[in-house]
Amino acid sequence: QVQLVESGGGLVQPGGSLRLSCAASGIIFRSSGMGWYRQAPGKEREWVATLSTGGNLFYTAASVKGRFTISSDNAKNTVYLQMNSLKVEETAVYYCNTHPKWGKGTLITVSS
């Protein structure tokens, strides 16, 4: 079965950086598009970034453009989300996705 496992969450100060990882099993990574989403308490889940099948194209939400980067290591079947200049309001659970599967999420807390 397809499994996605996120890691790299934790506490970070405003303006700091984190790199999230999503390790995929049960799929061939290069054959599936991968995405990152986040959901803050009391808010709807929102799309953050997508890496297309084969890693040829990537997209980021306007709110994170210039600060977040999605990338992959195909040999490790892993997709990453590099997050820079983090803001307090970006505290959320971050999820990895390849339709229709979701990881269980990893919590990012941005706080002083």
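Provided above is the structure to which this section pertains.
These remarks concern the structure in this document. (Residues numbered from 1 in each chain as written. Predicted model: local features only at pLDDT ≥ 70, side-chain atom pairs only at ≥ 80, totals over all residues. Heavy atoms only, no water.)

### Some thoughts on the packing of aromatic side chains
Any aromatic ring pair is given by two values, namely how distant the centres are and how the planes are angled relative to each other. Enumeration according to the criterion identifies two aromatic pairs in this entry. Relative to W102, the ring of Y37 lies with its centre 4.9 Å away and its plane at 65°, an arrangement referred to as edge-to-face. Here Y37 is found in strand β4 (residues 34-39), whereas its partner W102 is found in strand β10 (residues 101-102), with 65 residues between them in sequence. Y37 gets classed as partly exposed once you look at its relative accessible area, which sits at 22%. (Phe/Tyr/Trp six-rings, centres within 6.5 Å; stacked < 30°, edge-to-face > 60°. Helix = DSSP H or I, 4+ residues; strand = E, 2+ residues; numbered from the N terminus. Buried < 20%, exposed > 50% of the residue type's maximum accessible area, 1.4 Å probe, protein only.)

### Looking at the layout of surface pockets
Size it by volume and the largest pocket reaches roughly 170 Å³. Along its surface, the largest pocket is lined by 13 residues, and R38, K43, E46, E89 and E90 are the ones closest to its centre. Within the lining of the largest pocket, the residues separate by chemical class into two nonpolar, three polar and eight charged. (1 Å grid on protein atoms, 1.4 Å probe; cavity = no way out; pocket = protein on both sides within 12 Å on 5 of 7 lines; lining within 4 Å. Points joined across faces, edges and corners; volume = space filled by probe spheres on them. Nonpolar A, V, L, I, M, F, W, Y, C, P; charged D, E, K, R; others polar.)

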